[in-house]
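Overview (structure and organization)
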Amino acid sequence: MLWSKLFIPTLRESPAEAEVVSHQLLLRAGYIRQLGAGIYNYLYLAQRSLLKIQQIVREEMNAIGAQEFLLPALNPAEVWQESGRYEAMGDNMFRLKDRFGRQLCLGMTHEEVMTVIARGEVRSYKQLPQIWYQIQTKFRDEPRPKSGLLRVRQFIMKDSYSFDLAPAGLDESYEKHRVAYCRIFDRCGLQYVAVEAHSGAMGGSQSQEFMVATDAGEDYVVVCKETGYAANLEKAVSRPVPPSAADAEGDLSPEEVHTPNQKSIDEVSAFLQVPATSIIKSLVLIADGKPVVALMRGDHQLSETKFQSALGCAEFRPAFPEEMRSLMGAEAGSLGPVGLSGVTIIADLALQGRRNMVAGANKDDYHLLNVTPGEDFAAAYHDLRQVTEGDTELETGAPLQILKTMEIGHIFKLGYKYSHSMGLNVLDQNGVETPVIMGSYGIGIERVLCGVVELYADANGISMPVSIAPFEAVVTPVKASDPALAGAAQQVYQELKQLGVDVLYDDRDLSPGVKFKDADLVGIPYRVVIGKKLPQGIVELAERRTGAKSEVPLAEVARLVAGKVSAAKQ
RNA sequence: CGGGGCGUGGCUCAGCCUGGUAGAGCGCCUGGUUCGGGACCAGGAGGCCGGUGGUUCGAAUCCACUCGCCCCGACCA
């Protein structure tokens, strides 16, 4: 490819609308252009990279026996109504009508369609297991598209679905995917962490997310370097830091104390000269319409996910001030668990066994001293606490780290949700109708691209891994109009092409600095510069990632680069 | 949906407060000189100032509405 003939619209400055690194660089390097909020054009460079990512995905999926389909993005509403997700997806689903007024929608994922295919054709256990996948455009009407390609309304996803007769088979299909995903992300040059994820209210027993650590991400994960523990913050468990002061011993009775205008934990702590770890934080929430008081140690945060699964409620919200008043008799800041009746009280495990703590008195401007869980009030104990910086690993006490991450893949044991709702059954060995057990596995193709851009970006721009770089090498004569330089460049270019390297010949008649800057910005891993030492038969080989430069004989450079390229691709 | 910000040549932005008919840098085109990290000289093209309506003798500028985009929050099977 001749650079002069290609459409690679690099920008010297970063467009104003781009905030995150990957967005800025993909725009500047001429990979993408925006068409609307959360809608992007993928230009030549992006498409080349995305195709390479897809090819890697394809190879690894095929390697575990998965079969590639291509299903419609346009779906009849009935299919989604059957599973109940036509309702459940709410405003996140793009919906439209055809000319006859029939309801259609754009697919957000393809569990339903896959299930429809399977139930029509798969009738015997002998036809199982199956793994079907596709690489398809998905549509989601995001409430707020943002961060360039990270959160968009239309994106490419590899989604696969496994069908097994029994849970043991699902375990195998799941494990195959886990291994395949690691290979895929390794081959794409990503650094990532696989974490336990919250399985959601959709049923399903196990789920793991593949995350890339980046400030551009929106998810937090908890990892332990020593033990290898890794979990999404929503689900992570830990050992909290111990209370900073021991509880007073003895069977003391609650004692009212005047705390005028001391509302927050910090205020009460300072006023009463008691550490936050000795205060009970009382939160009033309305879960599925019913009031619940959740109790936390003063310095701890309620995990909404854990609260929700502890109660098994569909939705919840903080109580309004009037509700607190009528329920508790006081306003937020003086609420507590003592003397409550007719309200569900759940408490975090960190309060179990504690004695003589401070809690709100349910009387404005008053707190209670000497409140002992289990004696002065009864509560059901659950792990409700969100892991926080400084916590340690639950079993070993090893240090934990919280990382900001972006999700690039998710593997998920679905269970029987779709087989049950949509009637996917087969006959087993005994001729008995048995529901099929399913798994669902996704990879965000653009997010893999964003992930590597975020991970390896430097002051000069993008630094692509060889495996998914739009071009593996570029040949740059310092002066394109010099026949000797151009001739040698042409020769190296041809040699590299013959050796199977994805090579670009930067034949533009521009000053060398411009060509170097462009090549660096775009992120081409290897650059061969034909310059002043050509008369001695010497050219320069520069590596984008390391910045290393070496002088190489003209006659050997092509083979050298080809060797490095194939080594980098394994 | 709530809060904030921004829409002016391809890109980054100035001009707007205090109305008088549009500018800079970069990019682009032509010619010449250059050629190892975003060169230089000369000449040139390119903008109904997001849209609609209003105020005014006159609107990029003031007012109203509207559309779009970005950020924070809500939301995110």
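Residues numbered from 1 in each chain as written. Chains lettered and ligands numbered in written order. Predicted model: local features only at pLDDT ≥ 70, side-chain atom pairs only at ≥ 80, totals over all residues. Heavy atoms only, no water.

So, the overall build of chain A
Condition: Each helix is a run of H or I in the DSSP string that is no shorter than four residues. Each strand is a run of E no shorter than two, and both are numbered from the N terminus. Note on exposure labels: buried denotes an accessible area under 20% of the residue type's maximum, exposed denotes more than 50%, and partly exposed covers the range between, all computed with a 1.4 Å probe on protein chains only. The contact definition used throughout considers only heavy atoms, calling two residues in contact when any of these lie within 4.5 Å. With residues, only the protein chains shown are counted as cover, and all accessible areas are computed by Shrake-Rupley using a 1.4 Å probe. By the counting scheme adopted, Arg and Lys are positive, Glu and Asp are negative, and His together with the chain ends is not counted. Positions of charges follow a simple convention, taking NZ of Lys, CZ of Arg, CG of Asp or CD of Glu.
Along its length, chain A carries 14 helices and 29 strands. Taken along its principal axes, the extent of the C-alpha atoms in chain A is 95 × 65 × 50 Å. Relative to its 570 residues, chain A shows a buried fraction of 51%. Sequence-distant contacts in chain A: of pairs separated by 6 or more residues, those separated by 24 or more amount to 69%. Surface accessibility of chain A: about 25100 Å² in total, with carbon and sulfur atoms responsible for 51%. Counting 58 positive and 72 negative side-chain charges, chain A places the averaged centre of each group 8 Å from the other.

Some remarks on the nonpolar core
We count it as follows: Side-chain atoms within 4.5 Å are what join buried Ala, Val, Leu, Ile, Met, Phe, Trp, Tyr and Cys residues into a set we call a nonpolar core.
In terms of nonpolar packing, the biggest core is built from 66 residues, with Leu26, Tyr31, Ile53, Tyr181, Phe185 and Met464 touching the most fellow members. Leaving out residues up to four positions away in the same chain, Tyr181 has contacts with Met61, Lys158, Ser160, Phe210, Gly409, His410, Ile411, Tyr441, Gly442 and Ile443. By size, the runner-up hydrophobic cluster in this structure holds 26 residues, among which are Val501, Val552, Val557 and Val561.

Structural notes on the side chain of Glu111
Within the secondary structure layout, Glu111 lies in helix 5 (residues 111-121). In this structure, Glu111 is in contact with Arg85, Tyr161, Leu414, Tyr418, Met438 and Ser440, ignoring residues within four places of it in sequence.

Looking at the sheet that holds strand 19 (residues 366-371)
Two orientations exist for strands paired in a sheet by backbone hydrogen bonds: parallel and antiparallel. Rules: Strands qualify as paired when DSSP identifies two bridges or more between them. Only the stretch in contact is used when fitting a helix axis, every axis being a line fitted to C-alpha atoms; angles between N-to-C directions are given from 0 to 180 degrees.
Here we have three strands laid out as an open sheet, ordered 13-19-18, and antiparallel in their pairing. Each of the sheet's edge strands pairs with one partner strand only, and the pair in question is strand 13 (255-258) and strand 18 (357-360). The mean inter-strand angle of the sheet, taken between neighbouring strand axes irrespective of direction, is 35°. Of the pairings in the sheet, the one linking strand 18 to strand 19 comprises three bridges and is antiparallel in character. Looking at the pairing, Ala359 lines up with Leu368 of strand 19.

Remarks on helix 11 (residues 445-456)
This is how it is decided: By this rule, a helix spans an expected 1.5 Å times one less than how many residues it contains.
Spanning twelve residues, helix 11 covers 17 Å between terminal C-alpha atoms, matching the ideal 16 Å at 1.5 Å per step. Of all the twelve residues making up helix 11, ten are buried; the element is thus mostly covered by neighbouring parts of the structure. Regarding helix 11, the residues found buried are Ile445, Glu446, Val448, Leu449, Cys450, Gly451, Val452, Val453, Glu454 and Tyr456.

Thoughts on the domain arrangement of chain A
Convention followed: Reported domain spans reflect what an automatic or database domain assignment gives. Buried surface area refers to the total accessible area, computed with a probe of radius 1.4 Å, that the two partners give up upon joining, counted for both partners together.
Under the domain assignment, chain A is made up of domain 1 (17-73 + 107-236 + 403-453), domain 2 (255-382) and domain 3 (471-568). Its C-alpha centre places domain 1 at a distance of 40 Å from the equivalent point of domain 2. The interface is formed by four residues belonging to domain 1 together with four residues belonging to domain 2. Carbon and sulfur atoms supply 50% of the area buried between domain 1 and domain 2, which totals about 290 Å² over both sides. It is His198, Glu234 and Ala236 that lose the most area in domain 1 upon contact with domain 2, and together they represent 91% of the buried surface on that side.

Concerning the pattern of salt bridges
In plain terms, the rule: A side-chain nitrogen of Lys or Arg and a carboxyl oxygen of Asp or Glu constitute a salt bridge if their distance falls within 4 Å.
One pass over the full model with this rule turns up 35 salt bridges. As a salt-bridge pair, Glu323 and Arg317 come within 2.8 Å of each other at their nearest N and O atoms. By sharing partners, the salt bridges in this structure join Glu59, Glu60, Arg183 and Arg187 into a single network.

Re unusual backbone geometry
Pro129 follows Leu128 through a cis peptide bond whose omega is -5°. In this structure, Pro129 sits in the loop between helix 5 and strand 7 (130-139). For Asn362, which is not glycine, the phi dihedral falls at a positive 60°. The topology assignment puts Asn362 in the loop between strand 18 and strand 19. Backbone geometry at Asn370 places phi at a positive 60°, although glycine is not the residue there. Residue class for Asn370 comes out buried when judged on its relative accessible area of 15%.

Here we look at the sheet that holds strand 17 (residues 344-348)
Reading across from one edge, 16-14-15-17-20 is the order of the five strands in this open sheet, with mixed pairing throughout. Looking at the sheet topology across the chains shown, the edges are occupied by strand 16 (316-318) and strand 20 (380-382). Geometrically, the sheet is characterised by an average inter-axis angle of 35° between neighbouring strands, direction not taken into account. In the sheet, strand 17 pairs with strand 20 via three bridges, with the strands oriented parallel. For Ile346, the partnering residue across the bridge sits in strand 20 and is Ala380.

Points about the state of the cysteines
Selection criterion: Working definition: a disulfide is two cysteine sulfur atoms within 2.5 Å of each other.
Taken as a whole and judged by the stated rule, the model has zero disulfides. Left unpaired, Cys182 is separated from the closest cysteine sulfur, that of Cys188, by 12 Å. Take Cys182: its relative accessible area is 18%, and that puts it in the buried class.

Observations regarding the environment of Val116
Examined against the element boundaries, Val116 turns out to sit in helix 5. For the pair Val116 and Ser278, spaced 162 residues apart in sequence, the C-alpha to C-alpha distance is 56 Å. Discounting chain neighbours no more than four positions away, the residues touching Val116 are Val79 and Met422.

Focus on the packing of helix 1 (residues 21-28) against helix 11
Our working definition: Throughout, the term roughly parallel applies to angles under 35 degrees, roughly antiparallel to angles over 145, roughly perpendicular to angles from 65 to 115, and oblique to all others. Charged residues are taken to be Asp, Glu, Lys and Arg, nonpolar residues to be Ala, Val, Leu, Ile, Met, Phe, Trp, Tyr, Cys and Pro, and polar residues to be all remaining types, Gly included.
The interhelical angle for the contact between helix 1 and helix 11, taken along N-to-C directions, is 100°, at an axis separation of 9 Å. Between helix 1 and helix 11, the interaxial angle falls into the category roughly perpendicular. Every residue of helix 11 that contacts helix 1 at Val21, Ser22, Leu25 and Leu26 is listed here: Leu449, Cys450, Val453 and Glu454. Its residues assigned to classes, the contact of helix 1 with helix 11 shows six nonpolar, one polar and one charged.

A closer look at the packing of aromatic side chains
When we look at a pair of aromatic rings, we describe it by the centre distance and by the angle of the planes. The condition is simple: In this scheme Phe, Tyr and Trp rings, the latter by its six-membered ring, pair at centre separations within 6.5 Å, and the angle between planes marks the pair as stacked below 30 degrees, edge-to-face above 60, and tilted otherwise. We call a charge positioned above a ring when the Lys NZ or Arg CZ atom is no farther than 6 Å from the ring centre and deviates by at most 35 degrees from the ring normal.
Considering all chains together, one arrives at ten aromatic pairs under this definition. One aromatic cluster is present, formed by Tyr181, Phe185, Tyr192 and Phe210 through successive ring pairs. A cation sits over an aromatic face here: Arg48 above Phe471, 4.0 Å from the ring centre.

Digging into the pairing of strand 15 (residues 290-297)
Along strand 15, six of the eight residues are buried, which leaves the element largely enclosed by surrounding structure. Of the pairings in the sheet, the one linking strand 14 (residues 280-287) to strand 15 comprises eight bridges and is antiparallel in character. Each bridged residue has a counterpart across the sheet, and for Ala287 the counterpart in strand 15 is Lys290. Adjacent in sequence and paired antiparallel, strand 14 and strand 15 are bridged by two residues, among which Asp288 carries a positive phi angle near 50°. Pairing of strand 15 with strand 17 involves four bridges; the strand directions are parallel. Residue Ala294 lies in a different strand from strand 17, and its bridge partner there is Ile346.

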